[in-house]
Each structure stands twice: as C-alpha cells, then as structure tokens.
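These are the residues of each chain, in order.
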Amino acid sequence: MSPTVRVPDHCPSAVPRRDSPPPAHASFDGAAPTTDGAQRRGVGLDIHLHDGGEFGAFQFELIIDRTRRTGLRDRVTISHGFALGELSVSRHQDLLDGCEDAGIAWATVAPPRTAPLPWRGMRNRGIPVGLGTDGIRDLWSPYGDGDMLRIALGFARPHGLRTDEELAYAVELSSTRAAGFVHRRVHDIVAGARVDIVLVDAENVQDALVRSPRRQLVVGGGRVVVRDGELQV
C-alpha cells in the first residue's frame, strides 16, 4: 500500500447533509479533486466515516462507485464505517460484495457502543481489516493505551470470537494480516521481513490475547526497545 491521504468527515463532496435522506441518484464527483490527486501522486485514501444506518450505507455506495471509476483499487480504506454493522444481512452483503470488487479495505479501533462488523463475511471475501488506535486517553475515549493486544481483545469480545481459531484471527488482525496497513508486503517472522518481534510469557497466542501479559522483549526494526517490561530507548 502506498502513502495515504486522510480524508476527514467534512471533506466537500456530493454527500448531502446528515439530516437529509439519501438521494435516489448521486455521484461522488464532488470528491474528484481528492481522488484525482490520489491518482496523480500514486497514494492511497483513508476515508473516515461515522454516520450510521442507511445514510452511512449511501456513503459506502458512493465510495465503491468512485473507487471503481477512478482505478483506485487496493488504495482506498474506509475507517470506522459504523453503519456497516447496523444494516440487514442482505444489505451489508451487497456492500461487502462491492468492497471486494473495488478492492476497498476496512480499518477499525473496535470502539465500545458500536455494532459489530460482519467480520466473517469480510474475511471470506478477502477484504482487508485493520485494527489500530487513533487516540490515547483523549477526548474521544479514556480507554486507549496503544497496546495492540488489548485492541485485538477489544475487537474479539463484541464480535463474539471464542474458538481458538477465532482468537488467533483477532491477533493476526493486529499483526501478520496488517502488512498492507503499514505499507509492507509481509509482516511476519519470515526471512526478508522487518525484524519486529514481541515476546511474552504465555501458553499460546490465545492465552496472550486474553491476558495481555507484560512484554518480556520487544524488538523494533532489529533494535531492542523493551526488555522485561521496561522501555530501553
């Protein structure tokens, strides 16, 4: 994934006011300066959407259409997108099919009080899902601490992940499956990958997720940055 331009919620576009009903027909051409700029510079777009229900679904449809028409496949990410989990099964399946076809990825901070994403449908379609944090105990939320294991656990709980395979998947979202979100082809302990390693005292991946133990050793880019839970830099 190439460098990303973040598009805020208030970016001028053809999207109507949030207190207006979605029009029967509309285009995303109001955002053409943004998408055209992304094309020229070879960068990606990270579009943050907070609206719910059908209004949010309407925005997804516009983004899917514009992504297809501008050739930005694999360069567009929808962040948050709370509406997706609020829609009927048939409705969100149609939108997931569109995201798969357009090569659109999804990113979430797994916030409380939001509807769970249809993660199984996303995984089955190969839609990239990224976990992250966009705040550390700020005005949005008092819960952020930047701990990716905790964020993965925060995703697993409301999404009903319980089996060993599902719990391992939550950890993968915050590690190996996140390669594209950190602009890498591979993000794993394999030859040729960047040396980013976290060692914890745990029975297995699932145990590490549910307990989030102290980090015994953290290596970032081949450099030891944490030893025995203490920052070394």
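All residue numbers here refer to positions counted from 1 along the written sequence of the relevant chain. Per-residue local features are limited, in this predicted model, to residues with pLDDT of at least 70; the limit for side-chain atom pairs, both in listing and counting, is 80 or more; totals at the level of whole chains, interfaces and linings are taken over all residues. Heavy atoms from the whole structure form the basis of all side-chain values; hydrogens and water molecules are not counted.

> Mind showing me how you'd approach the overall build of the protein here?
Each helix is a run of DSSP H or I of at least 4 residues and each strand a run of E of at least 2, with the numbering of both proceeding from the N terminus. Broken down by element type, the protein carries 7 helices and 9 strands. Put simply, the protein has 233 residues, and 42% of those count as buried. Split by element, the accessible area of the protein, about 13000 Å² in all, is 51% carbon and sulfur. Burial classification: accessible surface area is computed with a 1.4 Å probe over protein chains only, and a residue below 20% of its type maximum counts as buried, one above 50% as exposed, and the rest as partly exposed. All accessibility values rest on the Shrake-Rupley procedure with a 1.4 Å probe; residue burial counts only the protein chains present in the view.

> What should I look at first to understand the packing of helix H5 (residues 148–156) against helix H6 (residues 164–173) in this one?
The angle between the axes and the distance between the axes are what describe a pair of packed helices. Axis definition: a line fitted to C-alpha atoms, over the contacting stretch in the case of helices. Angles run 0 to 180 degrees between N-to-C directions. Between H5 and H6, whose axes approach to 9 Å, the crossing angle comes to 130°. Of the possible angle classes, the one that applies to H5 and H6 is oblique. The handedness of the crossing between H5 and H6 comes out as right-handed. Contact with H5, carried on its side by Leu 149, Ala 152, Phe 155 and Ala 156, involves Leu 167, Ala 170, Val 171 and Leu 173 of H6 and no other residues of that element. Looking at the contact of H5 with H6, its residues break down into 8 nonpolar, no polar and no charged. For classification, angles of less than 35 degrees are called roughly parallel, those exceeding 145 degrees roughly antiparallel, those between 65 and 115 degrees roughly perpendicular, and all remaining angles oblique. Whether a crossing is left-handed or right-handed is set by the direction in which the near helix is turned from the far one by less than a right angle, anticlockwise for left-handed and clockwise for right-handed. Here, two residues are considered to be in contact whenever any of their heavy atoms come within 4.5 Å of each other. Residue polarity is assigned by list, with Asp, Glu, Lys and Arg as charged and Ala, Val, Leu, Ile, Met, Phe, Trp, Tyr, Cys and Pro as nonpolar; anything else, Gly included, falls into the polar class.

> Could you clarify how one ought to interpret the environment of His 187 in this entry?
By the element assignment, His 187 lies in the loop between H6 and strand S6 (197–200). With a relative accessible area of 22%, His 187 lands in the partly exposed category. In this structure His 187 touches Ser 175, Thr 176, Ala 179, Val 182 and Asp 196, once residues within four positions along its chain are discounted. Between N or O atoms, a polar contact is any pair within 3.5 Å; within protein, one atom must be a potential hydrogen donor and the other a potential acceptor, and residues adjacent in sequence are included only when both atoms are from side chains. There is a polar contact of 3.0 Å between the side chain of His 187 and the side chain of Arg 184.

> Sorry, what's going on with the nonpolar core here?
Joining through side-chain atoms within 4.5 Å is the link that ties buried Ala, Val, Leu, Ile, Met, Phe, Trp, Tyr and Cys residues into a set, and such a set is a nonpolar core. Core analysis: the largest hydrophobic core is formed by 41 residues, its most contacted members being Phe 60, Leu 84, Ile 104, Trp 106, Met 122, Leu 161 and Leu 209. By residue number, the principal contributor to this core is H5, which donates 6 residues.

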